[in-house]
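Below, each chain spelled out in residue letters.
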Amino acid sequence: MTDSSNPTKPSRRAFLSGAAATGAALAASSAAAQSPDPLITEVQPWASGLGDGVDAAPYGLPIRHEADVIRRNVEWLTADTISSINFTPIHALDGTITPQGCAFERHHSGAIDMTKGDYRLMINGLVDRPLIFTFADLERFPRENHVYFCECAANTGMEWAGAQLNGAQFTHGMIHNMEYTGVPLRTLLNEAGLSGDVAGKWVYVEGHDASSNGRSIPLEKALDDCLVAFSANGEALRKEHGYPVRLVVPGWEGNMWVKWLRRVEVMDGPVESREETSKYTDTLADGTSRKWTWVMDAKSIITSPSPQMPIKHGPGPMVISGLAWSGHGAITRVDVSKDGGKTWQTARLAKPGEKMALTRFYLDTEWDGGDMLLQSRAIDETGYVQPTKAQLREIRGENSIYHNNCIQTWHVMPTGEAENVEVS
Amino acid sequence: MSKFPKLLTATAALTLAAAPAFADTFGLGRVALPEEITAWDLDVSPDGTGLPVGSGNVMDGDDLFQENCAVCHGVFAEGSGNWPELAGGVGTLADDDPVKTVGSYWPHLSTAWDYVNRSMPFGNAQSLNPDEVYAIVAYMLYSNDLVDDDFTLSNENFLDVAMPNADGFIVDDREATEYPIWRAEPCMENCKDTVEITMRARVLDVTPETDTPAAQTETVTAAAAEAPPRRQPRHRPRRRSRRSIPRWWPRARRSSRNAPPAIRSAKAPRTAPARISTASLAGSSAASRISVIPRGSTPCATKDVSGTKPAWPNSSPRRRPISRATRCPFPV
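Thresholds, definitions, all that
Residues numbered from 1 in each chain as written. Chains lettered and ligands numbered in written order. Predicted model: local features only at pLDDT ≥ 70, side-chain atom pairs only at ≥ 80, totals over all residues. Heavy atoms only, no water. Buried < 20%, exposed > 50% of the residue type's maximum accessible area, 1.4 Å probe, protein only. Helix = DSSP H or I, 4+ residues; strand = E, 2+ residues; numbered from the N terminus. Core = buried A, V, L, I, M, F, W, Y, C linked by side-chain atoms within 4.5 Å. Contact = heavy atoms within 4.5 Å. Disulfide = S-S within 2.5 Å. Polar contact = N/O pair within 3.5 Å; in protein donor to acceptor, adjacent residues only side chain to side chain. pLDDT = per-residue confidence, 0-100. Phe/Tyr/Trp six-rings, centres within 6.5 Å; stacked < 30°, edge-to-face > 60°. Buried area = accessible area lost by both parts, 1.4 Å probe. Salt bridge = Lys/Arg side-chain N within 4 Å of Asp/Glu carboxyl O. Pairing = 2+ DSSP bridges. Axes fitted to C-alpha atoms, helices over the stretch in contact; angles between N-to-C directions. Parallel < 35°, antiparallel > 145°, perpendicular 65-115°, else oblique. Left-handed = near helix turned anticlockwise from the far one by under 90°. Nonpolar A, V, L, I, M, F, W, Y, C, P; charged D, E, K, R; others polar. Patch = residues over 30% accessible without salt bridge, like charges linked within 9 Å, V, L, I, M, F, W, Y side chains within 5 Å. Areas by Shrake-Rupley, 256 points an atom, 1.4 Å probe, with all protein chains shown as cover.

Chemist: Give me helix α7 (residues 185–192) of chain A: which residues, what numbers.
Modeler: Residues and elements named next belong to chain A. Counting buried positions over the eight residues of α7 gives seven, a clear majority of the element. Listing the buried residues of α7 in full gives Leu 185, Thr 187, Leu 188, Leu 189, Asn 190, Glu 191 and Ala 192. Positioned one or two residues after α7, Gly 193 has a phi angle of 90 degrees, which is positive.

Here you go:
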């Protein structure tokens, strides 16, 4: 316990006194064994024989017992899997970093296979010198590391009109959180030379793939924190996340994080491309639509227990766990309700919230074996409190598709199983 | 740009202040050649900037559309199955189920030209020449009743076409309409008198099966490891024999919208829910799978937390997702 003085961790004493308070329940559930456990009394094969040698898997996948912790898609959502989406198994993950191999994918024309050697990035438009960079060029600029969440604007979009999909993976799984390594877009724009006023200018960013997914981003944002990233979680980006290079647009909707980034054009207005007019615009009840709704507002979700993560133990100590995030900055607090929003308790943040990154929260609590209507609500550094579905609907109606950051309810039943419900 | 969130403006000011440091460059990269810029800089802006010289008429557009697009988007651009519909829907944007198409929703014609030019046909993008794109866009306008059948679209008359929903957009106003309300200290206790479950996902029964029975896991994994990498289905449009529909088929006989295939039954079967004890759950090796509850069980039989009558089935508007679920709610 050499790090027990670390102020960011709950103190050991607090933990112990918490344990003492629940001592009765602990004693109650520490039932005496009827017979000795053969897993202990008998010599098991793994305690006698040999396991795999090194290189059994030169690049390892999770052990087979975790084979159901995978991305999943909802077939009826899209016509095919090429222009489609799948979902991160957030219900089964802990901590905050999403392994690349199970981080959700969204393609508009499939994940393309491109080499670093074939990669080119063009900076053109209102710059002093239009430039072409190779991948090797990018690696020669000073680089930075940042952890950011990437959330599809349509995450939770299927829930606007009511509880529909039964699982945190499906309701909230269009999100991942990785540590990116890359070059600030500002560095590359500076290399091409920006002259004149920044205000009122835009960059249009587009990808190499056939969808030519393109988005207009205010130059202010491009110069602020956008990253031209080539690594995630310490290794090269995966093909499905834009290998070899993607754009990272912290706190803003995932569609802007253009994969296979091929061109950045400085312009004096937005292109109003298909992805920023036909899609990623939010239709209100009166039929008018909001455009340029880039920031992802504060949001949270209880990942366990949840429909895919029933409680498998009896009454007694349990951990309610979840994720919170905000495109406006750091998460400062997460509250949890067990009674559908009548009363709230403040959960423990595993670490202080980081800007535009996932924050893990835990509520170390007791389950009495009864029904619970679990909810979580995130609060970010701007004081923004995650709204209820009713509050969102009051302002936006039910046809927005995007930016549904409502409080989610899971009905946990005495059996331990949980269901996606809506409450009054 | 005054509409930007304050946060952004603040950071921008910081960035601007730091601008002198930008003067230094690394001398990396090389200057882009004009031919290279021409090859990639294809985007078209609402004011027509970026449009090449050219033209195409509705008739030619019809031929090209049937050849290259109809297999997915329907003969009259009305959509097919789950593939996007490109025509119809004017006047539906405030409805329960708005139909958003090039005609009913898109504010700028430039977007249609630009998107078709760079991204369609799906699986064979960038295969059309400018005149062909003008013709196809003219046909899409015609399919949306926005032009007559003798219309020719060109770079010259491009901006004359009025898009029905041109004024239908406002810039993000959350800063004014939402944040002030939701930046208040939240309630912690006695926040509401009663809590009632008003809707359950299980009733819809649209969640994919995610069972991975432990017994099968091993075989599944082994098979997956051995299976050759899945070939990506090709998306070259399958050539269909041109349908023998008269070129100017009367509008009334054109199907306006394909009825979406019913994917799930709308009614929850009324079978009694199976009781599953915590003990059997804990002992189940497949306990982490989703369908612990037999699909289609009637959730009303489950005890409600608040002790009030379960709200399902009811006549509340919350029932709408049932019809929703049979449509494609994900915005491809």
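Chemist: A description of the nonpolar core should follow, citing residues and the corresponding values.
Modeler: Of all hydrophobic cores here, the largest spans 100 residues; its most connected members are Tyr 180, Leu 189 and Leu 261 of chain A. Apart from residues no more than four positions distant in its own chain, Tyr 180 of chain A is found in contact with Glu 144, Asn 145, His 146, Tyr 148, Leu 227, Ala 229, Ser 231, Ala 232, Leu 237, Arg 246, Val 248 and Trp 257 of chain A. Membership of the second largest hydrophobic core comes to 42 residues, among which are Ala 112, Tyr 134, Met 140 and Leu 141 of chain B.

Chemist: Tell me about the environment of Asn 117 of chain B, residues and numbers included.
Modeler: Residues and elements named next belong to chain B. Secondary-structure assignment places Asn 117 in helix α5 (residues 109–119). A relative accessible area of 12% means that Asn 117 is categorised as buried. Spatially, the C-alpha atom of Asn 117 lies 7.9 Å from that of Asn 129, the residues being twelve residues apart in sequence. Setting aside anything within four residues of it in sequence, one finds Asn 117 in contact with Gln 126, Leu 128 and Val 133.

Chemist: Tell me what's going on with the state of the cysteines, and back it up with residues and numbers.
Modeler: Note on terminology: disulfide describes a covalent bond linking the sulfur atoms of two cysteines. Tallying each qualifying case throughout the model produces one disulfide over all chains. One disulfide bridge connects Cys 187 of chain B with Cys 191 of chain B, the sulfur atoms lying 2.1 Å from each other. The sign of the -100 degrees torsion about the S-S bond sets the Cys 187 of chain B-Cys 191 of chain B disulfide as left-handed. Its relative accessible area of 27% is what places Cys 191 of chain B among the partly exposed residues. Free of any disulfide, Cys 102 of chain A has its nearest neighbouring cysteine sulfur in Cys 150 of chain A, separated by 14 Å.

Chemist: Go over the side chain of Thr 88 of chain A with me, naming the residues and quoting the values.
Modeler: Residues and elements named next belong to chain A. By the secondary structure assignment, Thr 88 is in the loop between β1 (84–85) and β2 (106–107). Relative accessible area serves as the criterion here: at 0%, Thr 88 is assigned to the buried category. In this structure the side chain of Thr 88 is engaged in a polar contact, spanning 2.8 Å, whose partner is the backbone oxygen of Ile 175. Setting aside chain neighbours within four positions, we find Thr 88 in contact with Leu 93, Thr 98, Cys 102, Ala 103, Phe 104, Gln 169, Gly 173, Ile 175 and His 176.

Chemist: Can you tell me about the confidence of the model for chain A, naming the residues and giving the values?
Modeler: Within chain A, residue pLDDT values average 92, and 93% of them lie at 70 or more. Ignoring residues within four places in sequence, the model shows residues 1–28 of chain A, a span with pLDDT below 50, making nine contacts including any to other chains.

Chemist: Lay out the packing of aromatic side chains in plain terms, naming residues and giving numbers.
Modeler: Using the criterion set out here, one finds 20 aromatic pairs over all chains in the structure. For the ring pair Phe 87 of chain A and Phe 170 of chain A, a centre distance of 5.8 Å and an interplane angle of 65 degrees mean the geometry is edge-to-face. With Phe 87 of chain A in the loop between β1 and β2 and Phe 170 of chain A in helix α6 (residues 168–172), this residue pair connects regions lying 83 residues apart in the sequence. The pair Phe 87 of chain A / Phe 170 of chain A is uniform in exposure class, with both members buried. Judged by centre distance (5.4 Å) and plane angle (80 degrees), the rings of Phe 141 of chain A and Phe 26 of chain B are edge-to-face.

Chemist: Let's hear about the interface of chain A and chain B: which residues, and what values?
Modeler: In this complex, chain A contributes 138 residues to the contact, which on the side of chain B involves 117 residues. Here chain A meets chain B over a buried area of about 11100 Å², counting both sides, of which 59% is carbon and sulfur. At the boundary of chain A with chain B, the tally comes to nine salt bridges. Note that Arg 396 of chain A and Glu 178 of chain B form a salt bridge whose closest N and O atoms lie 2.7 Å from each other. Taken together, chain A and chain B are joined by 51 residue pairs in polar contact (both at pLDDT 80 or more). Here three bridges tie strand β14 (residues 289–291) of chain A to strand β4 (residues 169–171) of chain B, and the two strands are oriented parallel to one another. Bridge pairing in β4 of chain B places Lys 291 of chain A opposite Val 171 of chain B.

Chemist: Provide a residue-level description of the sheet that holds strand β13 (residues 282–283) of chain A, including the pertinent values.
Modeler: Think of a sheet as strands paired side by side through backbone hydrogen bonds, with each pair either parallel or antiparallel. The strand order across the open sheet built from three strands is β13(A)-β14(A)-β4(B), with neighbouring strands paired in mixed fashion. Both edges of this open sheet fall to β13 of chain A together with β4 of chain B, since each of them pairs with a single strand only.

Chemist: Describe in detail the sheet that holds strand β1 (residues 30–31) of chain B, supporting the description with residues and values.
Modeler: The sheet built from six strands is open, its strands ordered β8(A)-β7(A)-β12(A)-β3(A)-β4(A)-β1(B) with mixed pairing. Among the strands making up the open sheet, the edge pair consists of β8 (214–218) of chain A together with β1 of chain B. The pairing of strand β7 (residues 202–207) of chain A with β8 of chain A spans five bridges and is classified as antiparallel. Its bridge partner lying in β8 of chain A, Tyr 204 of chain A is registered against Ser 216 of chain A.

Chemist: Pulling in residues and values, what's your account of the packing of α5 of chain B against helix α6 (residues 130–143) of chain B?
Modeler: Residue and element names in this part refer to chain B. Viewed as axis vectors pointing N to C, α5 and α6 meet at an angle of 130 degrees, and their least axial separation amounts to 10 Å. As judged from the angle between their axes, α5 and α6 are oblique. The handedness of the crossing between α5 and α6 comes out as right-handed. Mapping the contact onto sequence places Leu 109, Ala 112, Trp 113, Val 116 and Asn 117 in α5 and Pro 130, Val 133, Tyr 134, Ile 136, Val 137, Met 140 and Leu 141 in α6. Residue classes in the contact of α5 with α6 are distributed as eleven nonpolar, one polar and no charged.

Chemist: How would you sum up the pattern of salt bridges? Please name residues and give values.
Modeler: All names here are of chain A. Scanning the entire structure with this criterion turns up 34 salt bridges over all chains. Among the salt bridges present, the one from Asp 364 reaches Arg 348, with a minimum N-O distance of 2.9 Å. Here Arg 348 lies in strand β19 (residues 348–349) and Asp 364 lies in strand β20 (residues 359–367), a separation of 16 residues in the sequence. Classification of Asp 364 as partly exposed rests on a relative accessible area of 47%. Overall, Arg 348 belongs to the partly exposed group, its relative accessible area being 31%.

Chemist: Please give an account of α5 of chain B that cites residues and values.
Modeler: Among the eleven residues that make up α5 of chain B, eleven are buried, leaving the element largely enclosed by the rest of the structure. The complete set of buried residues in α5 of chain B reads Leu 109, Ser 110, Thr 111, Ala 112, Trp 113, Asp 114, Tyr 115, Val 116, Asn 117, Arg 118 and Ser 119 of chain B. On the buried face of α5 of chain B, the contacting elements are β7 of chain A together with α6 and β3 (152–154) of chain B.

Chemist: How would you sum up the side chain of His 208 of chain A? Please name residues and give values.
Modeler: Residue and element names in this part refer to chain A. Take His 208: it is sitting in the loop between β7 and β8. With a relative accessible area of 17%, His 208 lands in the buried category. Within the local environment of His 208, its side chain forms a polar contact with the backbone oxygen of Arg 120, the two atoms lying 2.9 Å apart.

Chemist: Outline a nonpolar patch on the surface, listing residues and values.
Modeler: All names here are of chain A. Among the surface-exposed residues, Leu 39, Ile 40 and Trp 46 lie close enough to one another that they form a single nonpolar patch of about 430 Å² accessible area. Inspection of the secondary structure puts Trp 46 in helix α4 (residues 45–48). Trp 46 sits in the exposed class, given a relative accessible area of 65%.

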